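One-letter residues, chain by chain:
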Protein chains: 2
Amino acid sequence: MKILIVGGVAGGMSAATRMRRLDEAAEIIVFERGHYVSFANCGLPYYVGGLIEDRSALLLQTPESLASRFRLDVRIDHEVTGIDRAARTVSVRDTVTGRISTEGYDRLVLAAGATTRSVLPAGSDVPLYTLRTVDDVDRITALLTEAAGPGGAVEVSAVVIGAGFIGLEAVENLVRRGVHVTAVEFAGQVLGPLDPEMAAPVAAVLKAHGVDVRVDTSVRSASAGRVTLSDGTDVAADLIIEATGVLPDTSLAAAAGLRIGESGAIWVDDTQRTSDPLIYAVGDGAEKIDAISGGPTRIAMAGLANRHGRAAADSIADSAGDSLAGAPGVAVAAEPAFGVAIVGVFGTTVAMVGWSERRLLATGRAHRVVHTHPSDHAGYYPGAEPMSVKLLVDAATDAILGAQIVGGHGVDKRIDVIATAMAGGLTASALSRLELAYAPQYGSAKDPINQLGYVADNLVAGTTRSLQWHELPAALAAGETLVDVRTAGEFAAGSIPGAVNVPLDELRDRFGELPAGSLVVHCQVGQRGHTAARLLSQLGREVRNLDGGYKTWAAGAAALAASPRAAVASAPSAASVLPVSPSAPALPTERIVA
Amino acid sequence: MKILIVGGVAGGMSAATRMRRLDEAAEIIVFERGHYVSFANCGLPYYVGGLIEDRSALLLQTPESLASRFRLDVRIDHEVTGIDRAARTVSVRDTVTGRISTEGYDRLVLAAGATTRSVLPAGSDVPLYTLRTVDDVDRITALLTEAAGPGGAVEVSAVVIGAGFIGLEAVENLVRRGVHVTAVEFAGQVLGPLDPEMAAPVAAVLKAHGVDVRVDTSVRSASAGRVTLSDGTDVAADLIIEATGVLPDTSLAAAAGLRIGESGAIWVDDTQRTSDPLIYAVGDGAEKIDAISGGPTRIAMAGLANRHGRAAADSIADSAGDSLAGAPGVAVAAEPAFGVAIVGVFGTTVAMVGWSERRLLATGRAHRVVHTHPSDHAGYYPGAEPMSVKLLVDAATDAILGAQIVGGHGVDKRIDVIATAMAGGLTASALSRLELAYAPQYGSAKDPINQLGYVADNLVAGTTRSLQWHELPAALAAGETLVDVRTAGEFAAGSIPGAVNVPLDELRDRFGELPAGSLVVHCQVGQRGHTAARLLSQLGREVRNLDGGYKTWAAGAAALAASPRAAVASAPSAASVLPVSPSAPALPTERIVA
């Protein structure tokens, strides 16, 4: 059995090492077009920022270490340029010597990853980089060091194009290094996969750290250390980093006549097999199945690449049957993917899973929304940090369709718990009944996750009806009365235009002051609003609670102030519903120039 | 509708406030025998330690705040002394005036919590406290301040009896305050609900922080500032804190003839109703259903108390039917409980869920065990901290039966993910396919959770056979050869007696050196051992991998060195399998003197 693997990072190397553990006898050759295998691609931005100081920490394995441990034949600087399916061979070019050779296979695994396309206009002469390889970061750090001059005396400026997950990692690490950064984003908000009111606090964090954030903006030209933006302004830039997302690298597969899926990635079955049963594909180049829609999608995530690399090896071992001495490979069908993403931005953590409200609205899927603003742990224990949580729920089944969280400590925990609940098929209401580890430094007796479940449960039961921040204008236009049940002090410190203030603890006594007609109540985060809504409802009033309270409304207002396109929550654009990865949003085609 | 609630902390107050939100018209009276309601009982140790500085932070609500917000009639210093079920009344004693009164009810909720019994011999005169009420911590802090003298010049000593979850919180906070602490534990290890090799690192942490840890020990007598232990030694003690666990307070229920369950707690149905349909019970006094066995159990956890308090209110609203104007109470059947517990000890976090190996062995339930030692996040990103993870898996169904984790950052996240996976019915192997949020500061592309799943999957598939640390002596006695596949340097720094060293990367070449017969391989944490086992198995050898490697073996050896009773993993005692709470282990009856 001879197995060739194209690509030696996450998916390819997982396939190679698992294959060896399943089959000591197999001949396994890994071709990597770059100079490094199995490197820490997710660590690259942090090396640029100086947080990872030792460059060797990025290099997890070498061809030598893989040879001695796993008897792998790893060939770096070798690019596979073609597949002859009939002959069961690939053409390989040694990128150092230029020599072309041919290698036969019994099984072939494609793990070549993704590719980028530049959105920069032709003729630009400011140094341009992506942040994808060890070579990239070597070049970027060399340029930054040179531009800063002896002793770092000269201020260095950079433009980062694309304020998605990877773009923001680039931004943070450039700032960490003392670089002045302009973040240029074509969409109306940073972190496009999030809903606008969840992204708004992230933009505020960026600005608080001196980042010049430009949404609804693209680059018109770049020359002589200046970048001219679509709004006509120009900004200094010693370099440009493009983080405008990735596309699956399907060149080899397409040229070989393998089926390309609807998503634009290589079609695979649930054992990672392509339309040629001897050829497998894994990682960013391979199509995934979206767990929410059941349809094809693209998700560029290291975790999925690793998982599917291993699955491909299992599948190969299975398909080889008795020929693999002692290899009990148990191929497990790949499960649909939810798409889980996380990013740290200046101490704030942003995480999401599944679909956004924008995407649900765009596809017309009936859903419910829950916003909460809990603390990561008991408020009486020092160091509690606030977070804002959004949960998307199927209106018919109470299934969890997605979540978004922005905050400090504990955000990563809560998104992982929700992702696990989704994988386990728990309903939103069932989150109220989850037993989660509680001591006051770790959570609350009613954990933020339980709280989400309680709110969801109240919506299912009809105990409280809610409305979203972007639905408020229509309610007010229809003559509904907005009642702010916070204290007078909170009301004075900032209120929603048109609201009347009747503090919750006075509501029973002052009930008679409320005008006739439907009511919308709100508090700071939604909890007192719920109690008020229950009270008013039992007193015979038609009432809805503004979901997430003043805090969510204010975030939505900030999003709209930054860009009218933030209104997509109620009028989504087609671009916002592309089935793409949170970490690698697809490029709107009008931005692609090369 | 008139509802009386006995007990005004977690379960009782959750029932009261939910009841109000469901029924604005109901008359709701809460009787609390103490002076405080809805206080932060889980924060009490941290107030003693000075970490929570402001005493008022412990008092989350007052009778006044609950009256104005929820129109609750909260009567502190009122103890309910009897129930007349026929008359539907309770007798109440005002503990300040001594006045006795009678109050009628339509529904009664028992939320009186748990009680303790002292293990201290009669005649002891060292001040003795538990750590359960605001009064307790007021007295403890006053005594500590007085004993320390002006300027804190005098060293203060304390004995903490019971090294369970609450006992260790007491120990940590006394040390935080500068007190010298002796921790006295009747069992052979600290944190009895854990398996011994998982508890051993916790004992090491305690000792490293100057705590005098005494296992297999009890208190013989206590007088004149000295405590004499069962081993004949005596230690200084200005005070004793007993944290020997709690028992459900069933006095009222039993006297009223309500059914007491097999576990010794008040029997309830899945809507928290007792054997009297007008009386409900929630919290530490109420019986729970163990999710692993399906049988009755006791679990004393704030989260369950809150959940069941809310459920009781829902059930009352449902049972009242149309009489509750507008109350759409949706009673949800209480789900069985897994028992999730966590404790922080000097920066180390210890967490568990479900059953231990000891308990599985004792009940004869066929199971598999997985030990891993991952880092909380990618090793190349600064600040990664190690953790040790143990997973218990049903041998027949691959269901997750329990988990234990000890480490630094990220332990709380992983136990919550496992608890959620258990609630969602995911198999151990399915953990390998969970999508968890990954950026290098939060996790790994193969998260510790995924790694558990990979190991579990290999055990299901038979890819690798493993054995446990406590099974090694039998294997060696049977003539199996132990092969240490770590490097020569690792081997020299500490090895398992009888092991021969053949580093993994030399194993293919030195295969011929291995003696005939069955082999056991091991590395540091189990991963290289797995690769070695795969290699040797394919080369025709009978081989097992020592689960968790040298690290787990060394922890087990340390546990055995501290106490021969740590061997309970292979020969469990009856006491170790009582169906009790992780945070509140039942008292072995021989320890109870009053």
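Every chain begins its residue count from 1, and numbering advances along the sequence as written. Whichever chain is written first becomes A and whichever ligand is written first becomes 1, with later ones labelled in order. Since the coordinates come from a predicted model, pLDDT governs what is reported: local features require at least 70, and pairs of side-chain atoms require 80 or more to be given and counted, while whole-chain, interface and lining totals use all residues. The side-chain figures draw on all heavy atoms in the structure; neither hydrogens nor water molecules are used.

Below, the discussion takes up the overall build of chain A. Helical segments are the DSSP runs of H or I of at least four residues, strand segments are the runs of E of at least two, and each set is numbered from the N terminus. For chain A, the count of helices and strands is 16 helices and 30 strands. Relative to its length of 594 residues, chain A is compact, with a C-alpha radius of gyration of 26 Å against a globular reference of 25 Å. Principal-axis analysis of the C-alpha atoms gives chain A an extent of 85 × 60 × 45 Å. For the exposure calls, accessible area comes from a 1.4 Å probe over protein chains only, and a residue counts as buried if that area is under 20% of its type's maximum, exposed if over 50%, partly exposed in between. Per-residue burial for chain A yields a buried fraction of 61% across its 594 residues. Throughout, a contact is declared for two residues whenever any of their heavy atoms are within 4.5 Å. A fraction of 65% describes how many contacts in chain A between residues 6 or more apart in sequence connect residues 24 or more apart. Roughly 20200 Å² of accessible area belongs to chain A as shown, and the carbon and sulfur atoms make up 52% of that amount. Averaging the positions of the 49 positive and the 64 negative side-chain charges in chain A gives two centres separated by 2 Å. The globule rule used for comparison is 2.2 Å times the number of residues to the exponent 0.38, while the radius of gyration itself is calculated over C-alpha atoms. With residues, only the protein chains shown are counted as cover, and all accessible areas are computed by Shrake-Rupley using a 1.4 Å probe. Positive charges come from Lys and Arg, negative ones from Asp and Glu, while His and the chain ends are left out of the count. Every charge is mapped to an atom, namely NZ of Lys, CZ of Arg, CG of Asp or CD of Glu.

Another point: the sheet that holds strand S1 (residues 2–6) of chain B. Residues and elements named next belong to chain B. At least two bridges found by DSSP between two strands are what make those strands a pair. Read across the sheet, five strands follow the order S3-S2-S1-S7-S18 without closing on themselves; strand pairing throughout is parallel. Two strands close off the open sheet at either side, each with one partner strand: strand S3 (73–76) and strand S18 (279–281). Recorded for the sheet is a direction-independent mean angle of 15 degrees between the axes of neighbouring strands. Axis angles are defined between N-to-C directions and span 0 to 180 degrees, where every axis is a line fitted to C-alpha atoms and, for a helix, only to the segment in contact.

A word on the interface of chain A and chain B. The interface of chain A with chain B comprises 85 residues on the first partner and 85 residues on the second. At the boundary of chain A with chain B, total buried surface from both sides reaches about 7500 Å², with 54% on carbon and sulfur atoms. Salt bridges are defined by distance alone: a side-chain nitrogen of Lys or Arg within 4 Å of a carboxyl oxygen of Asp or Glu. Here chain A and chain B share 12 salt bridges between them. Put simply, B:Arg310 and A:Asp457 hold a salt bridge, and the shortest N to O gap is 3.2 Å. Polar contacts, as counted here, are pairs of nitrogen or oxygen atoms within 3.5 Å of one another; within protein the pair requires one atom able to donate a hydrogen and one able to accept it, and residues that are adjacent in sequence qualify only if both atoms are side-chain atoms. For the interface between chain A and chain B, the tally reads 38 residue pairs in polar contact (both at pLDDT 80 or more). Examining the composition of the side of chain A that touches chain B, we find that nine residues originate from one element, helix H10 (residues 411–423) of chain A, more than from any other. Classification used: nonpolar for Ala, Val, Leu, Ile, Met, Phe, Trp, Tyr, Cys and Pro, charged for Asp, Glu, Lys and Arg, polar for all others including Gly. A class-by-class count of the residues in the side of chain A that touches chain B yields 43 nonpolar, 20 polar and 22 charged. Two parts lose some accessible area (1.4 Å probe) when they are put together, and adding that loss for both gives the buried area.

Ring geometry is summarised as follows: Phe, Tyr and Trp rings, the Trp one being its six-membered ring, pair when their centres sit within 6.5 Å, and such pairs are stacked at plane angles under 30 degrees, edge-to-face over 60 and tilted between the two. A complete count under the given rule lists four aromatic pairs over all chains for this structure. Ring plane angle 80 degrees and centroid distance 5.1 Å describe the contact between A:Tyr46 and B:Tyr381, whose orientation is recorded as edge-to-face. Residue A:Tyr46 is located in helix H2 (residues 44–48), and its partner B:Tyr381 is located in the loop between strand S23 (367–372) and strand S24 (387–394); the two belong to separate chains. Here A:Tyr46 matches B:Tyr381 in class, with each residue buried. We call a charge positioned above a ring when the Lys NZ or Arg CZ atom is no farther than 6 Å from the ring centre and deviates by at most 35 degrees from the ring normal. In this structure, A:Arg486 packs its charged tip against the face of A:Tyr550, placed 4.4 Å from the ring centre.

Turning our attention to the sheet that holds strand S28 (residues 500–501) of chain B. Residues and elements named next belong to chain B. Ordered by their spatial adjacency, five strands build an open sheet running S26-S30-S29-S27-S28, and the pairing between neighbours is parallel. Since the sheet does not close on itself, it has two edges, and those belong to strand S26 (466–467) and S28, each with one partner. Pairing analysis gives two bridges linking strand S27 (residues 481–484) to S28, with the strands arranged parallel. In the sheet register, Asp484 faces S28, and the bridge partner there is Asn501. Packing against the sheet, helix H15 (residues 527–538) makes contact with strand S29 (519–522) and strand S30 (543–546), and its axis sits at approximately 180 degrees to S30.

Turning our attention to helix H15 (residues 527–538) of chain A. Residues and elements named next belong to chain A. The end-to-end C-alpha distance of H15 is 17 Å, a good match for the 16 Å that 12 residues give at a rise of 1.5 Å each. Among the 12 residues of H15, 10 are classified as buried, and the element is accordingly described as predominantly covered. Among all positions in H15, only Arg528, Gly529, His530, Thr531, Ala532, Ala533, Arg534, Leu535, Leu536 and Gln538 are buried. Gly540, located one to two residues past H15, shows a positive phi value of around 95 degrees. Here, expected helix span is obtained from the residue count minus one, scaled by 1.5 Å.

The next point concerns the domain arrangement of chain A. A common way to state how big an interface is: give the accessible area lost once the parts meet. On domain assignment, one finds that chain A holds domain 1 (2–40 + 51–114 + 247–323), domain 2 (128–242) and domain 3 (469–546). Its C-alpha centre places domain 1 of chain A at a distance of 58 Å from the equivalent point of domain 3 of chain A. Source of the domain bounds: an automatic or database domain assignment.

The superposition of copies rests on a least-squares fit of C-alpha positions from residues with pLDDT of 70 or more in both. Superposition of chain A onto chain B requires a rotation of 180 degrees combined with a translation of 0.0 Å along the rotation axis, giving an RMSD of 0.0 Å. Expressed as an axis order, the relation between the two copies is that of a two-fold axis. In this assembly the copies share their binding face: 100% of the residues contributing to the interface of chain A also contribute to that of chain B.

Once that is clear, we can look at the confidence of the model for chain A. Residues and elements named next belong to chain A. Confidence of the predictor at the level of single residues is captured by pLDDT, which takes values from 0 to 100. Counting all residues, the mean pLDDT for chain A is 92, and 93% of those residues have values of 70 or more. Taken together, the stretch residues 322–330 has pLDDT below 50 and engages in 20 contacts with residues farther than four places along the chain or on a different chain. Scored below 50 in pLDDT, residues 570–594 shows 61 contacts in the model against residues more than four places distant or in partner chains. As a predicted assembly, this complex carries a pTM of 0.94 together with an ipTM value of 0.94.

Another aspect to go through is empty space enclosed by the protein. Buriedness of a pocket was judged along seven lines, with at least five required to meet protein on both sides within 12 Å; pockets are open sets of points on a 1 Å grid over the protein atoms alone, cavities are sets where a 1.4 Å probe fits but cannot get out, and lining residues have an atom within 4 Å of a point. Grid points are joined across faces, edges and corners, and a volume is the space filled by probe spheres set on the points. All told, the structure shown has eight cavities of 30 Å³ or more when counted by the stated rule. Lining of the largest cavity is provided by 16 residues; of these, A:Glu435, A:Leu436, A:Ala445, B:Gly303 and B:Leu304 occupy positions nearest its centre. Broken down by secondary-structure element, the contributors of at least two residues to the lining of the largest cavity are helix H11 (448–461) of chain A together with helix H8 (302–320) of chain B. Looking at the lining of the largest cavity residue by residue, the class counts come to nine nonpolar, four polar and three charged.

What follows is about the UniProt feature "domain: Rhodanese" (unreviewed entry) in chain A. Under the present numbering, the feature "domain: Rhodanese" (unreviewed entry) in UniProt falls on residues 476–562 of chain A. Counted over residues 476–562 of chain A, helix gives 43% and strand 16%. Its end C-alpha atoms are 23 Å apart. UniProt positions are given in the numbering used here, feature names are shortened, and annotations may be inferred rather than shown by experiment.

This part takes up the pattern of salt bridges. Scanning the entire structure with this criterion turns up 70 salt bridges over all chains. In this structure, A:Arg565 and A:Asp216 form a salt bridge, with 2.8 Å as the shortest nitrogen-oxygen distance. With A:Arg565 in the segment after helix H16 (549–562) and A:Asp216 in the loop between strand S12 (212–214) and strand S13 (219–223), the pair connects residues that are 349 residues apart, well separated along the chain. The shortest N-O distance in the salt bridge between B:Asp73 and B:Arg75 comes to 2.8 Å. A relative accessible area of 30% means that B:Asp73 is categorised as partly exposed. The structure contains a network of salt bridges with shared partners spanning A:Lys2, A:Asp73, A:Arg75 and A:Glu103.

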